[in-house]
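Architecture at a glance
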Amino acid sequence: MIDEKEFIKQLLHPKTQNKAFEVLLSEYQKPLYHHIRNIVLNHDDADDVLQNTFVKVFQYLKNFKGESKLFSWMYRIATNEALTFLTQKAKLSGITSEELQSKTINNLQADSYFDGDEIQLKLQKAIATLPEKQQLVFKMKYFEDLKYDDISEILGTSVGALKASYHHAVKKVETFISSN
């Protein structure tokens, strides 16, 4: 991709906006989908959240100050959209976020887009026992192989705190898997 500042100018300019947004979609649609899917777990929900994410990106691009990378800014939007979606879905269902997550994990086997096995299901159940922040850090590091610096920009947390969160999460996941 071209220089990020130049690309953002293209995204904001009416004459180049559509073509630039197509480039943005082709570049980030798959990674953002996988990031969102790791949070919401369900394919259809991930598609909905991804669509909302790109609407927000388009809507708020004029407010992007360039203090972080465009990638990090979009991931932050995707993360917030996914978490908001889960909170609203739980509220509409009249259950807690934890109950919703448990129900979603139990439905994973029926999801035709889930290609995991029993070990993957066990891993998802282990991750569900973690506090929300540890879940996010674990998923971003383990599944998406993001660098701590990038996760730090996305979540607004120091690298040291992220490393500690990831370490604690790994220990808890290992304990859960070995005891079940």
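The rules behind each value
Chains are numbered independently. Their residues run from 1 in the order of the written sequence. This being a predicted model, a pLDDT of at least 70 is required before a residue's local features are given, and a value of 80 or more before pairs of side-chain atoms are given or counted; all residues contribute to the totals for chains, interfaces and linings. The side-chain numbers reported here are obtained from all heavy atoms of the structure, hydrogens and water having been left aside. Where helices and strands are cited, they refer to DSSP runs of H or I of at least four residues and of E of at least two residues respectively, numbered from the N terminus. The buried label applies to any residue whose accessible area, calculated with a 1.4 Å probe on protein chains only, is under 20% of its type's maximum; exposed applies above 50%, and partly exposed to all values in between. The contact criterion used is simple: two residues touch if any of their non-hydrogen atoms lie within 4.5 Å. Only the protein chains shown count as covering a residue, and every accessible area follows the Shrake-Rupley method with a 1.4 Å probe. In this tally, Asp and Glu contribute negative charge and Lys and Arg positive charge; neither His nor the terminal groups of the chain are included. The atom standing in for a charge is NZ when the residue is Lys, CZ when it is Arg, CG when it is Asp and CD when it is Glu. Salt bridge, as applied in this entry: a Lys or Arg side-chain nitrogen positioned within 4 Å of an Asp or Glu carboxyl oxygen. Within 6.5 Å between ring centres, the rings of Phe, Tyr and Trp (the latter by its six-membered ring) count as paired, and their orientation is classed by plane angle as stacked under 30 degrees, edge-to-face over 60, tilted in between. Sitting over a ring, as applied to charges here, requires NZ of Lys or CZ of Arg to be within 6 Å of the ring centre and within 35 degrees of the ring normal.

A count of helical and extended segments in the protein chain gives 9 helices and 0 strands. Each helix and strand of the protein chain, ordered N terminal to C terminal, gives the series α-α-α-α-α-α-α-α-α. C-alpha atoms of the protein chain, sized along the principal axes, occupy 55 × 35 × 30 Å. Buried residues in the protein chain amount to 43% of all 180 residues. Considering only residue pairs separated by 6 or more positions, the protein chain has 58% of its internal contacts joining residues 24 or more positions apart. Only carbon and sulfur atoms are counted for the fraction: they give 51% of the accessible area of the protein chain, which is about 10400 Å². Separation between the mean location of the 23 positive side-chain charges and that of the 24 negative ones in the protein chain comes to 4 Å.

Time to look at the environment of isoleucine 36. Summarising the element assignment, isoleucine 36 is placed in helix α2 (residues 17–40). Distance in space between the C-alpha atoms of isoleucine 36 and glutamate 81 is 8.6 Å, their sequence separation being 45 residues. Setting aside residues no more than four positions away along its own chain, isoleucine 36 makes contact with Leu41, Ala46, Val49, Leu50, Thr53, Ala78 and Ala82.

The next point concerns the pattern of salt bridges. In this structure the tally under the stated criterion is 4 salt bridges. The salt bridge partner of lysine 69 is aspartate 150, with a shortest N-O separation of 2.7 Å. A residue pair is termed long-range when its members are at least 10 positions apart, and lysine 69 in the loop between α3 (43–60) and α4 (70–93) and aspartate 150 in helix α8 (residues 148–155) qualify at 81 residues. The class for lysine 69 is partly exposed, based on a relative accessible area of 37%. Taking the relative accessible area as the measure of exposure, aspartate 150 reaches 12% and is therefore buried.

This brings us to the packing of aromatic side chains. The full count for this structure, using the stated rule, is 9 aromatic pairs. Judged by centre distance (5.0 Å) and plane angle (80°), the rings of phenylalanine 21 and phenylalanine 58 are edge-to-face. Of this pair, phenylalanine 21 sits in helix α2 while phenylalanine 58 sits in helix α3; the two residues are 37 residues apart in sequence, bridging distant segments of the chain. In this structure phenylalanine 21 comes out as buried when scored by relative accessible area, which is 13%. Look at phenylalanine 138 and tyrosine 142: their rings are 5.0 Å apart centre to centre, the planes differ by 15°, and that puts the pair in the stacked class. Of the two residues, phenylalanine 138 and tyrosine 142 are both situated in helix α7 (residues 132–142); the distance of 4 residues between them amounts to about one turn of the helix. Residue class for phenylalanine 138 comes out buried when judged on its relative accessible area of 3%. Accessibility expressed as a relative area gives 46% for tyrosine 142, which makes it partly exposed. Taken together, the ring pairs in this structure connect Phe138, Tyr142, Phe143, Tyr148 and Tyr166 into an aromatic cluster. The ring of tyrosine 148 carries lysine 141 above its face, with NZ or CZ at 4.6 Å from the centroid.

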